[in-house]
Every structure is written in structure tokens, then in C-alpha cells.
Amino acid sequence: MFEVTEVSSEFDAKIQQKIDAKTKPLGALGALETLAMTIARVLGPDEPQITNPTLLVFAGDHGIAASGVSIAPREVTTQMVMNFLKGGAAINLFCAQGGITMEVIDCGIAQEIHDQPKLINHRLGAGTGAIHREPAMTLGAVKQGFAMARERVTLHHSRGCNLIAFGEMGIGNTSSAAAIMAALMGREAAECVGRGTGIDAATLARKQLLVEQALHLHREQLDNPYGVLACLGGFEIVQMTGAILAAAELKMLVLIDGFIATAAALAAVTIAPHARDYMIFAHESGERGHRLMLEHLDAQPLLSLGMRLGEGTGAALAVPLVQAAAKFYNEMASLEEMGISI
């Protein structure tokens, strides 16, 4: 469905030489130098510019939420979507601060919101099936979600966006993300399931048990990433996966947020391994299992602030770092130009 090509290494030596020639000791800008290499490899080695950075927030509800895996009831998904639309959430503030275009997409929240022209309707249903009892969705819904995501990413690309980030909202979605992680990485549920919104020990034990039940129930369908997404995914996670693949296909920089977005990235890389070449990982969240996923993807996150809010907040905070890396690569003087000897 997606044709993601490998990022060429043809100009790597040229890019590294340009980075090393700047007015600084070798490696003195640390992770920003690695980031500049990624930017130049994806966008071109001469003067890559970050244009129209955009963050899409995908929202969807999860059937497993009714079984008490979160401190918040399912209704909070709809309430938070309304908060996004009114501009009152952390992600709104961080996007405004960073000059990032933000868009909210209803992938399948339980309570449909009407008369909100800013809300994009990509509904695949009114919440997924409870994964410990039934598949989250059909394979047809996964394909439909991918097509919807591709359409939206293509639109933003046509408007000049070459850096796209993704956030999410959905009570119960850390359960789904943990199940996806366990299935795709061959890990035990205990290594993947965390406290999400801040649940207590008893709720954590129940959450882990339900994820174990889901993995056992669907075990015969978990031998490919499409089956994993259909059985264990969320509507928002599916569309985020499709959006990552679409952005990589269009040779855009893809900024990955926290635990749930990384589960979508893991699914995307399982489907199209070269999608990894286009990814920048914004932060390491406070959610159990995120570090394991980052290590599996050979990812060094830009930030580690102990955040576990979701919404794309870590990605929004990382956008200025991406812009800074591009700026130093393009505009910082060279040692030769300044007559400096190090």
C-alpha cells in the first residue's frame, strides 16, 4: 500500500564534512549534529529548510476502557477533544509557542461531536472493540484508516509541510499501545504495561491481566502487523501508523512523540522498514516500556522530561530543536571562513 524508499547515504560524507567544519570543536553540538545529519539526509544536503511544521492529533476511544484501566472515564476523550478545539490544552499552547499548525482528527471517539468545523471527521466507528474480548476492528477498518491518514498527510504536504508530528487522545490507549508493543517485539505484557494516566497498583495489575488476555485471545492473528493493528489497535493508533507511512513515502521528516506514537512507529517500521530513516524521536516518556521500544528502534530521543501526557506535547516541544539543528547546519560560519584554528 505504501512505497517507502530508503534514504540515500550518497551525501553522508559531504554532510558530515559540513557539520565538522563549523566554528566549534568536533561533536561539540552533540545530538544536534546527529539531528542535522538526519535533516540533511532526508531534505537534501545543501540548505534544507523546515517548512510549515504541522502536528496532527488523532483521537479515538477504546473498548477496554470500560474495564477500568484508567483513572479517567471514556467520556474524557470527547471532553479533551473539545478542549483541543477551544485551544485550552497543553498541546494548543506548545503548538502556538512553536508556530506549529495543529489539527484535530476524530478517528472514532464514542460520543460524536457535531457542528465543529475545525474537527476533521475520519471516524471508523464509535470506539473499538474491547481487545481482551474481541478484535479491536476489522482488517478493512485498518485499510480504511490508512487511506484516510494518507489523504490528510498528502494535503499538508501539498501545502508545503515537510516536518510533520503526531499526537493522540484516547482513554485506554496505553493498553492498546502496550499490547501492540508486546505482540510486535515478542515481549511479555509485564514489560510493556505501565501506569498510563497514573493508575494505582491494583488497576495496573488488572490492566496487565487484560493485555495478557488480549494477547492470548488473538495469538493466531498476531503474525503480521496488520493483524496486530486489527486485533489490538486503536482507531487513532491505526491512523497514526498510516500517517507515518504516508509521510515517509512523501520523504517528509516524521517527528515521533511518546509511548503511543512510538507504538505506531513500531508498527510502521514493521510494515515498511525504511520508514525508520525519516523518523526523529522527540522524547523518552515516563511510561514503562517506552525505553524498550526506543532501544528496539535504535532511537535516541531529543528530550527526557519525564512527561507522559500524550497529545503530541513532547513532539511540539522538540520542533524548535529540529529548527535549531537546521539553522546551525545552514547558517553557522565555518572555521575556514572565520580564520579560526582548532
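Once a new chain begins, its residue numbering starts again from 1 and follows that chain's sequence as written. Reporting of local features is limited, given that this is a predicted model, to residues whose pLDDT is at least 70; pairs of side-chain atoms are given and counted only at 80 or more, and all residues count toward the totals for whole chains, interfaces and linings. Side-chain numbers come from the whole structure's heavy atoms, not from hydrogens or water.

An unreviewed UniProt entry annotates the protein as Nicotinate-nucleotide--dimethylbenzimidazole phosphoribosyltransferase of Shewanella insulae. UniProt positions are given in the numbering used here, feature names are shortened, and annotations may be inferred rather than shown by experiment. The protein has a UniProt comment under Pathway (unreviewed entry) that states "Nucleoside biosynthesis; alpha-ribazole biosynthesis; alpha-ribazole from 5,6-dimethylbenzimidazole: step 1/2."

A.B. asks: Tell me about helix α2 (residues 31-43), and name the residues and values.
C.D. replies: Strands here mean DSSP runs of E at least two residues long; helices mean DSSP runs of H or I at least four residues long; both are numbered from the N terminus. Between the first and last residue of a helix there are one fewer steps than residues, each counted as 1.5 Å, and that sum is the expected span. Across its 13 residues, α2 extends 18 Å between first and last C-alpha, which sits within 8% of the 18 Å expected from 1.5 Å per residue. A 1.4 Å probe rolled over the protein chains alone gives each residue an accessible area, and that area as a share of the maximum for its type sets the label: buried under 20%, exposed over 50%, partly exposed in between. Of the positions making up α2, those classed as buried are Glu33, Leu35, Ala36, Met37, Thr38, Ile39, Ala40 and Val42. In this description, contact between two residues means that some pair of their heavy atoms is separated by no more than 4.5 Å. Where α2 is buried, its residues touch α1 (12-20), β5 (253-256), β6 (279-281) and α13 (313-331). Gly44 sits one or two positions beyond α2 and adopts a positive phi of about 115 degrees.

A.B. asks: Help me get a handle on unusual backbone geometry, residues and values and all.
C.D. replies: The phi dihedral of Asp115 falls on the positive side, at around 60 degrees, and the residue is not glycine. The backbone of Glu311 shows a phi angle near 70 degrees, a positive value even though the residue is not glycine. Its place among the elements puts Glu311 in the loop between α12 (290-296) and α13. Relative accessible area serves as the criterion here: at 4%, Glu311 is assigned to the buried category.

A.B. asks: Report on the pairing of strand β2 (residues 101-108), specifying residues and quantitative values.
C.D. replies: When you tally the buried positions in β2, you get six out of eight residues, the bulk of the element. Summarising the sheet, strand β1 (residues 54-60) and β2 pair through seven bridges and their orientation is parallel. Bridging across to β2, Phe58 finds its partner in Ile105. Whether two strands pair depends on DSSP finding at least two bridges between them.

A.B. asks: I'd love a proper account of the nonpolar core, names of residues and values included.
C.D. replies: Each nonpolar core is a collection of buried residues, namely Ala, Val, Leu, Ile, Met, Phe, Trp, Tyr and Cys, held together in the definition by side-chain atoms within 4.5 Å. Counting residues in each nonpolar core, the largest one holds 122 residues, and the members touching the most others are Leu55, Val153, Phe166, Leu232, Ile244, Leu255 and Met279. Each domain's extent was defined by an automatic or database domain assignment. If you count residues domain by domain, this core takes at least three from each of domain 1 (11-48 + 327-338) and domain 2 (54-324). Once residues within four sequence positions are removed from consideration, Ile244 is found in contact with Phe166, Val254, Ile256, Ala261, Ala264, Ala265, Ala268 and Met279.

A.B. asks: Can you break down the domain arrangement of the protein residue by residue, with the values?
C.D. replies: What the domain assignment reports for the protein is domain 1 (11-48 + 327-338) and domain 2 (54-324). Here the C-alpha centre of domain 2 lies 32 Å away from the C-alpha centre of domain 1. Counting residues at the interface gives eight residues for domain 1 and 13 residues for domain 2. For the pairing of domain 1 and domain 2, the buried interface totals around 850 Å² over both sides, and the portion due to carbon and sulfur atoms is 74%. Summed over the three residues of domain 1 that lose the most area to domain 2, namely Leu35, Val42 and Leu43, the buried surface amounts to 52% of that side. We count a salt bridge whenever a side-chain nitrogen from Lys or Arg sits within 4 Å of a carboxyl oxygen from Asp or Glu. Run the count over domain 1 and domain 2 and you get zero salt bridges. When contributions to the side of domain 1 that touches domain 2 are tallied by element, the ones reaching two or more residues are α2 and α13. Of all the elements, α2 adds the most residues to the side of domain 1 that touches domain 2, at six residues. Considering only residue class, the side of domain 1 that touches domain 2 consists of six nonpolar, one polar and one charged. Buried area is understood as the total, over both parts, of accessible area removed when two parts are fitted together, assessed with a 1.4 Å probe. Basically, the charged four are Asp, Glu, Lys and Arg, the nonpolar ten are Ala, Val, Leu, Ile, Met, Phe, Trp, Tyr, Cys and Pro, and anything else, Gly included, counts as polar.

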